[in-house]
Structures are given as C-alpha cells and as structure tokens.
Amino acid sequence: MAENVSVIGRTTRVRGRVTGTADLEVQGFVEGDITVGGGVTVEAQGMVGSGIQARRVVVRGAVKGDLVGVESVSVEEGARVVGDVRAPRVMIAPGAMVRGFVESEGGAADGQARTARAQVAGRPSAASSRNAVTATPATKAAPPTPTVTVPAGPQARVTAAKHLAGMASSSSNHANAHSGASRRPPPPVVPALKRAKGQMAKRRER
Amino acid sequence: MASTVIGAGITVEGEIATDEDVIVGGVVKGKLSAKEGVTIEHGASVEADVASASLVVAGSLIGNVSASERVDLQAGARLVGNVKAARVTIADGAQFKGNVDMDI
C-alpha cells in the first residue's frame, strides 16, 4: 500500500496542479488544484490553498478551497476548511472547523449521485441559499456524537463560521486555538463598525 | 526515508521545492528543487529543471540539472539537458544529450 501512495512531504511546497489516478497524501503545502482519481489525505501538518477533487477526501489539516468527493469527504478533528464541500457522503467530526456550503446526498450509489447532483445544480434556490449560508452568523457544528454524518437532503448545510485567520498559522497551535474557539463566541467581523456604533449611541445620549 | 514521493499515476505541473528527499515515479513538469537527493525512477518522466544535492536518474529527464554533490545516470536512463555537478557518472545503457560541467 505504502509504495502506491504519493506523498507531498512536510517541508515540500508544490506550486501548481497535481493530477493523476493514484492516491495522494499531503503533509506539506500545495498551492494549486488537486484532481486525483484515488484518495487524497491532507494530514494534520498539511495545507492546501486550492480545491481538491478526488474519490475520497480526508482532511486533518487546512484547506482553503472547495472539496469535491466522488464517494465521500471526511473532515476530521482539528481540520480547518474554508470552502464548499460536496460529496454523496460528507462526514464532519467534532473538533473540525468548516466554513462554506456543504452538500451531501445520503449515500447514494455513484451514478445516481451524479444525476442527483446535476438536478440540484439546476435548481435556482441553490445560489440564494448559498448566499444565506455565508451571511449566517456562526452556527455550531459540533454535536456530542463522535461523528456527524450529514445525509440530509441537498440543502444540508453546516456553518462553523469562525474566523479562520489561523488558516495560515502553524499546525502546532491549531489544536489549542481550536478548543478555545469552540467555547468563545466569534469576534466581531468588523471591529471598526462596532466602535462606530458605540459612538453613535453616545451621540444619541447627548 | 524519502519524504516526498510523486508516485506512478500522479502528475505535478508546477514548482516543487523541498528540504527533503524526493522520489519521482510519475510525471513532473516545471521545476524541482530539493536540498537533499532526488531520484527519478524507471518509468518516471520529468520535464523540469532540477536543482538538488544529488540526483539519480533511471527514468526520463528533460531539463537542466544542477547538483551540489553528484549526478548518476543509471542504465535505461534518458537525460536531455545540461548537467552541472562535481561528480557525474553515466552507466552503460544510459542515454544522454547535453553539456557536462564538473568544474565547480
């Protein structure tokens, strides 16, 4: 098995596209689209700055881009994902952070899943609901069950809108940063706006 | 142990930069720079400029090579490009077209 897996090592940076039919493991940094016929695993230290398309996608590190799984996408504990997630089966574990539109199809077979996806894409509500998701303030996506499967309809969405400034931060502190983030409310999106609001209130008092 | 492996069936188009060893069994197009050794396996195809400490070629490489230590072309290898390294070996059965500069 190991000899068949391609690895982007921990100190390796790839700037460009990665394509192929085999499996891929990312421990380092890939700045470019990954399109692979096998499975892609982004390890805890790994970072991908662009979209991933593969049969199975497993994320333990950071991804800034869309995740498209032909079979499944699994976002595991400690992972950070900013982007849309689409697959017949989508798993988001507690301790994972996702910001984006999530769409799953309830574990249908491959061919059926593809037609279902095409129908969904044709629906006009898809675009508007997507905007709604980005506008929604932080919704928690960490129920007490060990693994959250999202088999609900095409409109299933999970927003764990936390500020993902930590996206680029080193992986060593992301676990801590994450556990803190799950307890505290997210910081104001525009601090300047909040300040301005306070001043307006003062003015009103006068 | 090699830390970065571009296995058979994988294509990388772009730039690869690393501090570790790299083993290429698939296809690399663009640029490849490593601080340690680079191995281009039999069946692999690399169209890239390669900079590394050492380089072993058993597959196909088109591009200029600069190695701080050595370059070894094994039997069955094919290299088109200029080679700059302190030590260069070309095995019987290797195919090579390009300049060699061992004066570094």
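Residues numbered from 1 in each chain as written. Chains lettered and ligands numbered in written order. Predicted model: local features only at pLDDT ≥ 70, side-chain atom pairs only at ≥ 80, totals over all residues.

A. Local environment of the overall build of chain B. If you tally the helices and strands in chain B, you get zero helices and 13 strands. Helices and strands in chain B line up, N terminus first, as β-β-β-β-β-β-β-β-β-β-β-β-β. In chain B, which comprises 104 residues, the proportion classed as buried is 38%. Taking all contacts inside chain B whose residues are at least 6 apart in sequence as the whole, residues at least 24 apart take part in 1%. (Helix = DSSP H or I, 4+ residues; strand = E, 2+ residues; numbered from the N terminus. Buried ≥ 20, exposed ≤ 12 C-beta atoms within 10 Å, placed from the backbone. Contact = placed C-beta atoms within 7 Å.)

B. Focus on the overall build of chain A. Within chain A one finds four helices and 16 strands. Across the 206 residues of chain A, 34% fall into the buried class. Once local pairs closer than 6 in sequence are excluded, the contacts in chain A between residues at least 24 apart make up 25%.

C. Layout of the interface of chain B and chain A. The interface of chain B with chain A comprises 20 residues on the first partner and 21 residues on the second. Those elements that place two or more of their residues in the side of chain B that touches chain A are strand 1 (4-6) and strand 2 (10-18) of chain B. Top element by residues in the side of chain B that touches chain A is strand 2 of chain B. It accounts for nine residues. Within the side of chain B that touches chain A, the residues separate by chemical class into seven nonpolar, nine polar and four charged. (Nonpolar A, V, L, I, M, F, W, Y, C, P; charged D, E, K, R; others polar.)

D. How the structure looks around the nonpolar core. Core analysis: the largest hydrophobic core is formed by 65 residues, its most contacted members being A:I34, A:V59, A:V81, B:V28 and B:L32. Setting aside its immediate chain neighbours within four residues, A:V81 contacts A:V59, A:V63, A:L67, A:V75, A:M97, A:V98 and A:G100. (Core = buried A, V, L, I, M, F, W, Y, C linked by C-beta atoms within 7 Å.)

E. Molecular detail of the pairing of strand 6 (residues 39-42) of chain A. Residues and elements named next belong to chain A. By the bridge criterion, three bridges tie strand 3 (residues 23-26) to strand 6 in an arrangement that is parallel. Along strand 6, the bridge assignment pairs L24 with V40. Bridging between strand 6 and strand 8 (residues 52-59) involves four bridges; their strand directions are parallel. Across the sheet, V40 pairs through a bridge with V57, a residue of strand 8. (Pairing = 2+ DSSP bridges.)

F. Structural detail: the environment of A:R80. When you line up the elements, A:R80 lands in strand 11 (residues 80-82). Since 26 C-beta atoms lie within 10 Å of it, A:R80 is described here as buried.

G. Expanded view of the confidence of the model for chain B. When pLDDT is averaged across chain B, the result is 93; 97% of the residues are at 70 or more. As a predicted assembly, this complex carries a pTM of 0.65 together with an ipTM value of 0.85. (pLDDT = per-residue confidence, 0-100.)

H. Highlighting the pairing of strand 2 of chain B. As paired elements, strand 2 (residues 13-20) of chain A and strand 2 of chain B share eight bridges and run antiparallel to each other. By the bridge assignment, A:R17 is partnered in strand 2 of chain B with B:E13. In this structure, strand 2 of chain B lies alongside strand 4 (residues 27-34) of chain B, joined through eight bridges in parallel fashion. Residue pairing in the sheet places B:I16 in a bridge with B:L32 of strand 4 of chain B.

I. Examining the environment of A:V59 more closely. Residues and elements named next belong to chain A. Turning to its location among the elements, V59 is positioned in strand 8. Sequence separation of V59 and I92 is 33 residues, and the distance between their C-alpha atoms is 9.7 Å. Apart from the residues within four sequence positions on either side, V59 is in contact with V42, L67, V75, E76, A79 and V81.

J. View of the environment of A:V63. Residue and element names in this part refer to chain A. For V63, the position within the fold is in strand 9 (residues 62-64). For the pair V63 and V98, spaced 35 residues apart in the sequence, the C-alpha separation amounts to 9.6 Å. Each residue touching V63, except ones within four places of it in the same chain, is listed here: V42, V48, I52, V81 and G83.

K. Quick peek at the confidence of the model for chain A. Overall, the prediction assigns chain A a mean pLDDT of 70, with 49% of residues at 70 or greater. In this model, residues 107-181 of chain A is a region of pLDDT below 50 whose contacts with residues beyond four sequence positions or in other chains number 90 contacts.

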